[in-house]
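Below, each chain spelled out in residue letters.
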Amino acid sequence: MARRPVALVGAIVLLVEAVGIALLNWFLGLVVNKQDMSLAGLDPHAMSVSTWIAGGVFGLYLALCGLVMARSGITDRAPGRFGRLLLISAAVVHALLGAFSVGLVGWPAFVFMMVVLGLIVLTLVAYDRKPGEAADAPRTGNGAAGGAAPENGAPQPA
(Lines give C-alpha, C1' and ligand atoms only; values in the text may rest on other atoms or scores of the structure.)
Protein backbone atom coordinates (compact mmCIF):
# COMPACT_ATOMS: atom_id res chain seq x y z
CA MET A 1 0.00 0.00 0.00
CA ALA A 2 1.18 3.54 -0.67
CA ARG A 3 0.61 4.93 2.79
CA ARG A 4 4.20 6.04 3.37
CA PRO A 5 4.41 8.18 0.20
CA VAL A 6 0.96 9.65 0.90
CA ALA A 7 1.98 10.61 4.42
CA LEU A 8 5.27 12.10 3.23
CA VAL A 9 3.63 14.07 0.39
CA GLY A 10 0.96 15.27 2.81
CA ALA A 11 3.67 16.36 5.24
CA ILE A 12 5.47 18.32 2.55
CA VAL A 13 2.24 19.97 1.41
CA LEU A 14 1.32 20.92 4.99
CA LEU A 15 4.78 22.37 5.64
CA VAL A 16 4.62 24.42 2.42
CA GLU A 17 1.11 25.54 3.34
CA ALA A 18 2.34 26.57 6.81
CA VAL A 19 5.01 28.78 5.29
CA GLY A 20 2.50 30.18 2.79
CA ILE A 21 -0.05 31.03 5.48
CA ALA A 22 2.60 32.70 7.64
CA LEU A 23 3.88 34.78 4.71
CA LEU A 24 0.35 35.72 3.63
CA ASN A 25 -0.52 36.95 7.10
CA TRP A 26 2.79 38.83 7.32
CA PHE A 27 1.93 40.59 4.04
CA LEU A 28 -1.63 41.35 5.18
CA GLY A 29 -0.26 42.77 8.43
CA LEU A 30 2.03 45.06 6.45
CA VAL A 31 -0.88 46.23 4.28
CA VAL A 32 -3.02 47.00 7.33
CA ASN A 33 -0.10 48.78 8.99
CA LYS A 34 0.60 50.95 5.92
CA GLN A 35 -3.01 52.04 5.62
CA ASP A 36 -3.84 54.61 8.21
CA MET A 37 -7.41 53.42 8.65
CA SER A 38 -9.19 51.77 11.54
CA LEU A 39 -11.91 49.17 11.61
CA ALA A 40 -14.63 50.00 14.15
CA GLY A 41 -12.21 52.21 16.07
CA LEU A 42 -9.42 49.63 16.37
CA ASP A 43 -5.83 50.80 16.18
CA PRO A 44 -4.21 49.83 12.84
CA HIS A 45 -1.03 48.78 14.64
CA ALA A 46 -2.99 46.44 16.91
CA MET A 47 -4.71 44.91 13.89
CA SER A 48 -1.41 44.33 12.08
CA VAL A 49 0.23 42.78 15.15
CA SER A 50 -2.76 40.50 15.72
CA THR A 51 -2.61 39.45 12.06
CA TRP A 52 1.07 38.56 12.45
CA ILE A 53 0.39 36.62 15.63
CA ALA A 54 -2.55 34.74 14.09
CA GLY A 55 -0.47 33.88 11.02
CA GLY A 56 2.37 32.63 13.17
CA VAL A 57 0.11 30.50 15.36
CA PHE A 58 -1.75 29.01 12.38
CA GLY A 59 1.55 28.42 10.57
CA LEU A 60 2.97 26.60 13.60
CA TYR A 61 -0.22 24.53 13.85
CA LEU A 62 0.06 23.44 10.21
CA ALA A 63 3.80 22.78 10.62
CA LEU A 64 3.08 20.58 13.66
CA CYS A 65 0.49 18.67 11.63
CA GLY A 66 3.07 18.25 8.87
CA LEU A 67 5.63 16.94 11.36
CA VAL A 68 3.13 14.40 12.71
CA MET A 69 2.45 13.19 9.16
CA ALA A 70 6.18 13.11 8.38
CA ARG A 71 6.84 11.02 11.48
CA SER A 72 4.12 8.59 10.44
CA GLY A 73 5.54 8.35 6.95
CA ILE A 74 9.15 7.92 8.04
CA THR A 75 8.55 5.40 10.82
CA ASP A 76 5.56 3.72 9.11
CA ARG A 77 3.65 3.84 12.39
CA ALA A 78 0.29 5.27 13.27
CA PRO A 79 0.33 8.62 15.04
CA GLY A 80 -0.45 8.58 18.73
CA ARG A 81 -3.65 9.87 20.28
CA PHE A 82 -2.52 13.52 20.25
CA GLY A 83 -1.26 13.21 16.66
CA ARG A 84 -4.52 11.66 15.48
CA LEU A 85 -6.54 14.41 17.17
CA LEU A 86 -4.28 17.01 15.60
CA LEU A 87 -4.70 15.52 12.13
CA ILE A 88 -8.47 15.17 12.56
CA SER A 89 -8.71 18.83 13.53
CA ALA A 90 -6.59 19.75 10.50
CA ALA A 91 -8.94 17.76 8.28
CA VAL A 92 -11.94 19.63 9.69
CA VAL A 93 -10.16 22.97 9.22
CA HIS A 94 -9.34 22.15 5.60
CA ALA A 95 -12.92 21.04 4.92
CA LEU A 96 -14.27 24.32 6.30
CA LEU A 97 -11.66 26.43 4.51
CA GLY A 98 -12.44 24.59 1.30
CA ALA A 99 -16.13 25.37 1.66
CA PHE A 100 -15.44 29.05 2.33
CA SER A 101 -12.78 29.38 -0.36
CA VAL A 102 -15.15 28.54 -3.21
CA GLY A 103 -17.01 31.82 -2.87
CA LEU A 104 -14.16 33.97 -1.62
CA VAL A 105 -11.15 32.85 -3.67
CA GLY A 106 -12.40 30.47 -6.35
CA TRP A 107 -12.31 26.88 -7.49
CA PRO A 108 -8.51 26.43 -7.61
CA ALA A 109 -8.29 27.20 -3.88
CA PHE A 110 -11.14 24.77 -3.24
CA VAL A 111 -9.35 22.04 -5.20
CA PHE A 112 -6.14 22.65 -3.24
CA MET A 113 -7.98 22.43 0.10
CA MET A 114 -9.71 19.22 -0.96
CA VAL A 115 -6.41 17.66 -2.08
CA VAL A 116 -4.86 18.46 1.31
CA LEU A 117 -7.99 17.15 3.04
CA GLY A 118 -7.73 13.95 1.02
CA LEU A 119 -4.07 13.48 1.93
CA ILE A 120 -4.83 13.96 5.63
CA VAL A 121 -7.83 11.61 5.62
CA LEU A 122 -6.01 8.99 3.56
CA THR A 123 -3.12 9.07 6.02
CA LEU A 124 -5.51 8.70 8.96
CA VAL A 125 -7.33 5.79 7.33
CA ALA A 126 -4.18 4.06 6.08
CA TYR A 127 -2.65 4.07 9.56
CA ASP A 128 -5.88 3.08 11.27
CA ARG A 129 -5.17 0.97 14.34
CA LYS A 130 -6.96 -2.14 15.42
CA PRO A 131 -8.72 -1.87 18.81
CA GLY A 132 -6.02 -3.75 20.77
CA GLU A 133 -2.99 -2.42 18.85
CA ALA A 134 -0.60 -0.05 20.59
CA ALA A 135 -0.14 3.46 19.20
CA ASP A 136 3.50 2.98 18.19
CA ALA A 137 3.41 -0.69 17.21
CA PRO A 138 4.54 -1.30 13.63
CA ARG A 139 1.94 -2.71 11.30
CA THR A 140 2.42 -6.30 10.17
CA GLY A 141 1.21 -8.03 7.03
CA ASN A 142 -2.36 -9.06 6.38
CA GLY A 143 -1.89 -12.38 8.17
CA ALA A 144 -2.17 -14.60 5.11
CA ALA A 145 1.55 -14.72 4.40
CA GLY A 146 2.68 -14.26 7.99
CA GLY A 147 0.85 -17.27 9.36
CA ALA A 148 -0.50 -15.37 12.35
CA ALA A 149 -3.30 -17.07 14.25
CA PRO A 150 -6.65 -15.29 14.54
CA GLU A 151 -7.42 -13.46 17.77
CA ASN A 152 -9.62 -16.27 19.12
CA GLY A 153 -6.63 -18.66 19.10
CA ALA A 154 -8.08 -21.07 16.52
CA PRO A 155 -5.68 -22.29 13.85
CA GLN A 156 -6.03 -20.83 10.38
CA PRO A 157 -7.43 -23.05 7.65
CA ALA A 158 -4.89 -23.95 5.00
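Enquirer: Can you lay out the overall build of the protein for me, pointing to particular residues and giving the numbers?
Expert: Of regular secondary structure, the protein possesses 4 helices and 0 strands. The linear arrangement of helices and strands in the protein, starting from the amino end, is α-α-α-α. Counting all 158 residues of the protein, 31% fall into the buried class. A fraction of 64% describes how many contacts in the protein between residues 6 or more apart in sequence connect residues 24 or more apart. When the accessible area of the protein is evaluated, it comes to approximately 9,900 Å², of which 72% is carbon and sulfur surface.

Enquirer: Lay out helix H2 (residues 44-75) in plain terms, naming residues and giving numbers.
Expert: If you check H2, its first and last C-alpha atoms are 46 Å apart, about what 32 residues at 1.5 Å a residue would give, namely 46 Å. Directly beyond the C-terminal end of H2, a positive phi value near 55 degrees is found at Asp76.

Enquirer: Kindly report on the environment of Gln35, identifying the contributing residues and their values.
Expert: Take Gln35: it is sitting in the loop between helix H1 (3-34) and H2. In this structure, the C-alpha to C-alpha distance between Gln35 and His45, residues 10 residues apart in sequence, is 9.8 Å.

Enquirer: Explain the side chain of Asn25 to me, using residue names and the numbers behind them.
Expert: Take Asn25: it is sitting in helix H1. In this structure Asn25 touches Thr51, Trp52 and Gly55, once residues within four positions along its chain are discounted.

Enquirer: If you had to explain the packing of H1 against H2 to someone new, which residues and values would you point to?
Expert: The contact between H1 and H2 brings their axes to 8 Å, and the two run at 175 degrees. What the angle tells us is that H1 and H2 run roughly antiparallel. Grouping the constituent residues of the contact of H1 with H2 by class yields 23 nonpolar, 12 polar and 2 charged.

Enquirer: Can you tell me about the nonpolar core, naming the residues and giving the values?
Expert: Counting 19 residues, the largest nonpolar core has Leu14, Tyr61, Leu62, Cys65, Met69, Leu87 and Ile120 as its most contacted members. Per-element accounting of this core gives the leading share, 7 residues, to H2. With near-sequence residues (within four places) excluded, Leu14 lies in contact with Leu62, Cys65, Gly66, Met69, His94, Val116 and Ile120.

About the criteria used
Residues numbered from 1 in each chain as written. Predicted model: local features only at pLDDT ≥ 70, side-chain atom pairs only at ≥ 80, totals over all residues. Heavy atoms only, no water. Helix = DSSP H or I, 4+ residues; strand = E, 2+ residues; numbered from the N terminus. Buried < 20%, exposed > 50% of the residue type's maximum accessible area, 1.4 Å probe, protein only. Contact = heavy atoms within 4.5 Å. Areas by Shrake-Rupley, 256 points an atom, 1.4 Å probe, with all protein chains shown as cover. Expected span 1.5 Å × (residues − 1). Axes fitted to C-alpha atoms, helices over the stretch in contact; angles between N-to-C directions. Parallel < 35°, antiparallel > 145°, perpendicular 65-115°, else oblique. Nonpolar A, V, L, I, M, F, W, Y, C, P; charged D, E, K, R; others polar. Core = buried A, V, L, I, M, F, W, Y, C linked by side-chain atoms within 4.5 Å.

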